[in-house]
Amino acid sequence: MSKFVTKMLATGAAVSMLTLPGLAPVAAASLGGDSPKEAPAEVSIPESSPNTTSPSDSSAGTDAEDEEDTGTSAQAAAEGTKVQLLNITDFHGRIAEAGTQLASVVEEERAKYAAQEGTAGTGFLSAGDNIGASTYVSSSQQDTPTIDVLNAIGAQASAVGNHEFDQGVDELTGRVSSEADFPYLAANVYDKKPGNLVDGLQSYTTVDVGGVKVAVIGVVTKDTKSLVSPDGIDGLVFGDPTAAVNRVAGEIEALPDDEQPDMTVVEAHLGASDTESLEDAQASNAEFKKLVTEADASVDVLFTGHTHLPYSFEAPVPGAPERTRPVIEAGSYGEYVGQVQLEADANGNWTTENSGLIKTEDKSYDSPVVDEVAKIIADADEKAKVPGSVVAGEISEDINRAKKDGKEDRGAESTLGNLVADALKDGVEGTQLDDADFGITNPGGLRTDLKCEDIYNEEDKCEVTAAELSSVLPFANDHGVVTMKGSDVIGLFEEQWQPDDASRPFLHLGISEELEVVYDSEAGQGKHVKSVEVDGKKLDPDKEYRVATLSFLAAGGDNFFSFAKGDFELSGLTDFETWVDYFEERTEADEKVSPDKDERQADLAMDVIDNGQLEVDLAAPGKSIEPGESRDFVLNTTAKTEVPGPVEVTVDLPEGYTVSAADSGSTGTQATAKSATAKGPEVKVDAAAKTMTLESIPAGASDVAINVTAPADASGEVTVEVGLQAGDGQWWDDNPLPVSHKFEATAQVGDEANAAAGDNGTSDGAGSNADADGRNDGSANASGSNASSNGDGANADASGATSANADGSGANANGSKDGGDLPRTGFDALNLVAAALALIVAGSMAVTMVRRRRTAV
């Protein structure tokens, strides 16, 4: 009922009407109206759908009349009138999972309320996303069974959700609307060209609830423009929802008195992301807050949706501090039914008698309506089982979306997202298109997990059917390839950080195995992406790449606008077809599909060297290297806690020099462990693969000796560069070394070192240091550790040997960020392989690592 005016009723008749201060009814239509950019100044309101459930309300939903207040009261329900409203949202075609339970709750609550004395009746409404992202029983039949179920239960009106636009506005206003016995409402969806509400949808309707006329206004989130394939909504403008609600409220207020509704309800497909309290809910989403705090006072109930979160609040009515109104979201998938019971007071206002959420789990009620719903579902299930029961493949274990606190997390990497990207890339093969370089998908397209325990029909455990695969990718997007510049690919990964007004701040793309991405989550906008590699090679910003993806993303969906800069070629397949093909091909090869647990996007903010959890330097030997002889360069690490491995090590040397991992008995080693308690990392050397891998880096200080042999004709000095980077470990959002860090040390070779050192081998002016035994061995320690276990010294001395960190991470010569010296415990060569297995590789790269990432940032 309109609250632009306070209606004083006595014995059912109006005796006076007072306008609110500073607000005349004639001005109400423009209160909070859409801006010219979002909606036209003149908007024609389509007439009510013939499907409206109010046969006596032939004029409901017609154009508002701009006329002055005549002073007569609008129609209002008599004092004491009681009405119940039941509501769902985000059902997403879950008829097989919750259809009969939902029908049971609605039917039971109708019956219970009707049995109460003085109640008018029960209305049943929806806040949208009835269809789309549906499970197989419904999606395999274009969601017709879901619409049939809602018709059978008696839905009277529904807002459009973003998923109602999945197949395009023409499908929504054509087939979907014709199959529904209820109108779809979209007060903030405009046709850009003629400047009116989109043809085929209504801004509001009036429904009959036991003789009470209820106006229902429907709006959808402005985010719809980025949540739906742009091609299907070309030419549409999604305006401000609250502005649209207030515009329509003014139009309703301007209706003739005998056409005025008794109550006004909003069905809004937008919602809160925090449910702890009304204040937290408002703080979580600006669009939701604006609706709650600025929607016209004539609105008696706010039903919301979209975020899939159950909540029930009472919120103050703006301009009427003595009043409150219910704000409800009924979760998703038919798990809850929102319930509001209202009673009219003497002023024509509606007070909340009861509001809340009713769980549908395990509900069963004996009713002809429930029986009809059960039959619709059984028929649909029977039709779907033939194609849906076909086993497409087998998984080795569960393959899941990302989760946080038990809920889906679209801001984190997932094995399922990466697998879908693999399938999109592989799906190009065998089509008329040239092969793709890699594949990319969006997290919002993944609607459920692949689990071994999920059984669709009679398949074996871990077998995957077509129906289960369809539940993962239910949208039937077109599959194809976008040809785009490397700079735009970088732009895609930067666009994972969404615009400020987006519903989620970060969307983590699923990427195929050809890609390796390093980003910095703590960097500024536009500067997050640090490295992108394709097949181990740095991406070229000026080169063109072929990206397998979905039509939704190719058109710039989910705010990934860089995709739209490229040229999209259709393969002729849907994403679902490529997904099924991927499993069937592995079945033919007698392979199970397994999750890849190596993360493909790594966060530089987790890098243990950059964040100070690990200090590293490389120390040159204490004496010069004679031609043809070997000396140990020492990789010193100090870790606050153990760094999980594997950590792979590379060594770069001048031509002619060779290298091996020294063992504890090597004659070239310049020092041995000071104590039996000193611990070094476990090292594995694979001569065939030419790799040296640290199993992990232990907490505290540890050293690894790298034995370098000079060629017989060596002279001058030799600089050794050692790189550290994470190997192929099973890290997930916590790669400790996602980029290669380089460390250098230089030693003198042959007579030049002796000449520079002086008679006793001490660097001029450097002084002498005492070793652990208190003896003066005449060597100067350049790494900051003065103690050594023998006369040679484990650390680089000042006789021309130097140590430096070249990784650019902010560390000083000894690897520490604050310039302090690293503690030394001496060498511990425990767990090193025997010298016979040591790697000796000639050339500029003496130890070559087989690793996934090699790019330094």
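For the structure itself, consult the block above.
Draft legend 1. Spotlight on the overall build of the protein chain. Secondary structure assignment for the protein chain yields 15 helices and 41 strands. Of all intrachain contacts in the protein chain linking residues separated by at least 6 positions in sequence, the fraction that spans at least 24 positions is 76%. For the protein chain, the exposed area adds up to about 33100 Å²; of that, 46% sits on carbon and sulfur atoms.

Draft legend 2. Representation of the pairing of strand E37 (residues 700-709). Here E37 lies mainly inside the structure; eight of its 10 residues are buried. Two strands pair when backbone bridges link them, and strand E32 (residues 630-639) and E37 are joined in this way by 10 bridges, in the antiparallel orientation. Note that in E37 the partner of Ser-630 across the bridge is Thr-709.

Draft legend 3. Focus on the pattern of salt bridges. This structure, assessed with the given rule, holds 25 salt bridges. The closest approach of N and O atoms between Glu-394 and Lys-592, which form a salt bridge, is 3.7 Å. Of this pair, Glu-394 sits in strand E18 (residues 391-394) while Lys-592 sits in the loop between helix H14 (575-588) and strand E30 (601-603); the two residues are 198 residues apart in sequence, bridging distant segments of the chain. Between Arg-401 and Glu-408 there is a salt bridge, with the nearest N and O atoms lying 3.6 Å from each other. A relative accessible area of 16% places Arg-401 in the buried class. Through salt bridges with shared partners, a single network forms among Arg-401, Lys-403, Glu-408, Arg-410 and Asp-449.

Draft legend 4. Quick peek at the packing of aromatic side chains. Tallied over the full model, the rule gives 11 aromatic pairs. Seen from their ring centres, Trp-497 and Phe-506 are 4.7 Å apart, and the 65 degrees between their planes marks the pair as edge-to-face. Ring centres 6.2 Å apart and planes at 70 degrees place the aromatic pair Tyr-582 and Phe-583 in the edge-to-face group. Members of the aromatic cluster, connected to one another through ring pairs, are Phe-288, Tyr-311 and Phe-313. One cation-aromatic arrangement involves Arg-586 over Tyr-582; the distance from NZ or CZ to the ring centre is 3.6 Å.

Draft legend 5. Geometry of the sheet that holds strand E17 (residues 350-359). With respect to topology, six strands assemble into an open sheet ordered E6-E5-E4-E3-E16-E17, the strand pairing being mixed. The sheet is open, and its two borders are formed by strand E6 (184-185) and E17, each paired with just one other strand. Across two bridges, strand E4 (residues 119-126) lies against strand E5 (residues 157-159) in parallel orientation. For Ser-126, the partnering residue across the bridge sits in E5 and is Ser-158.

Draft legend 6. Fine view of the nonpolar core. Within the largest apolar cluster, 45 residues are counted, with the highest numbers of intra-cluster contacts made by Ile-153, Val-160, Phe-165, Tyr-184, Val-189, Leu-201 and Leu-236. Excluding residues that lie within four positions of it along the chain, Leu-236 makes contacts with Phe-165, Val-169, Val-189, Tyr-190 and Val-198. Of all hydrophobic cores here, the second largest spans 37 residues; its members include Val-616, Val-643, Val-718 and Ala-726.

Draft legend 7. Spotlight on the state of the cysteines. In total, this model carries one disulfide according to the counting rule given. With a sulfur-sulfur separation of 2.0 Å, Cys-452 is cross-linked through a disulfide to Cys-462. Here Cys-452 and Cys-462 share a disulfide; its torsion about the S-S bond, 100 degrees, makes the bridge right-handed. Taken together, the residues span a long stretch of sequence, with Cys-452 in the loop between strand E21 (438-441) and strand E22 (463-465) and Cys-462 in the loop between E21 and E22 at a distance of 10 residues. Grouping residues by exposure puts Cys-452 and Cys-462 together as buried.

Draft legend 8. Seen up close, helix H9 (residues 368-388). With 21 residues, H9 extends 29 Å from end C-alpha to end C-alpha; this agrees with the ideal 30 Å at 1.5 Å per step. By the burial criterion, the buried members of H9 are Val-369, Val-370, Val-373, Ile-376, Ile-377, Ala-380, Ala-384 and Gly-388. The secondary structure elements touched by the buried residues of H9 are helix H1 (95-114), helix H2 (136-139), helix H3 (144-153), E22 and helix H11 (466-472). The distance from a side-chain oxygen at the start of H9 to the backbone nitrogen of Val-369 is 3.1 Å, and the residue carrying that oxygen is Ser-367.

Draft legend 9. How the structure looks around the environment of Gln-601. With respect to the secondary-structure elements, Gln-601 resides in strand E30. A residue is classified by how much of its surface remains accessible, and Gln-601, at 1% relative accessible area, is buried. Residues Gln-601 and Phe-493, 108 residues apart in the sequence, show an inter-C-alpha distance of 9.7 Å.

Draft legend 10. Focus on the sheet that holds strand E28 (residues 544-550). Read from one edge of the open sheet, five strands run E24-E21-E28-E23-E29, paired in mixed fashion. A strand with exactly one partner marks an edge of an open sheet, and here the two such strands are strand E24 (510-511) and strand E29 (567-574). Bridging between strand E23 (residues 478-485) and E29 involves five bridges; their strand directions are antiparallel. Across the sheet, residue Thr-483 finds its bridge partner in E29, namely Asp-567. Where helix H10 (residues 415-426) meets the sheet, its contacts fall on E21, E23, E24 and E28, and the angle it forms with E21 comes to roughly 130 degrees.

Conventions and cut-offs
Residues numbered from 1 in each chain as written. Predicted model: local features only at pLDDT ≥ 70, side-chain atom pairs only at ≥ 80, totals over all residues. Heavy atoms only, no water. Helix = DSSP H or I, 4+ residues; strand = E, 2+ residues; numbered from the N terminus. Contact = heavy atoms within 4.5 Å. Areas by Shrake-Rupley, 256 points an atom, 1.4 Å probe, with all protein chains shown as cover. Buried < 20%, exposed > 50% of the residue type's maximum accessible area, 1.4 Å probe, protein only. Pairing = 2+ DSSP bridges. Salt bridge = Lys/Arg side-chain N within 4 Å of Asp/Glu carboxyl O. Phe/Tyr/Trp six-rings, centres within 6.5 Å; stacked < 30°, edge-to-face > 60°. Lys NZ or Arg CZ within 6 Å of the ring centre and 35° of its normal. Core = buried A, V, L, I, M, F, W, Y, C linked by side-chain atoms within 4.5 Å. Disulfide = S-S within 2.5 Å. Expected span 1.5 Å × (residues − 1). Polar contact = N/O pair within 3.5 Å; in protein donor to acceptor, adjacent residues only side chain to side chain. Axes fitted to C-alpha atoms, helices over the stretch in contact; angles between N-to-C directions.

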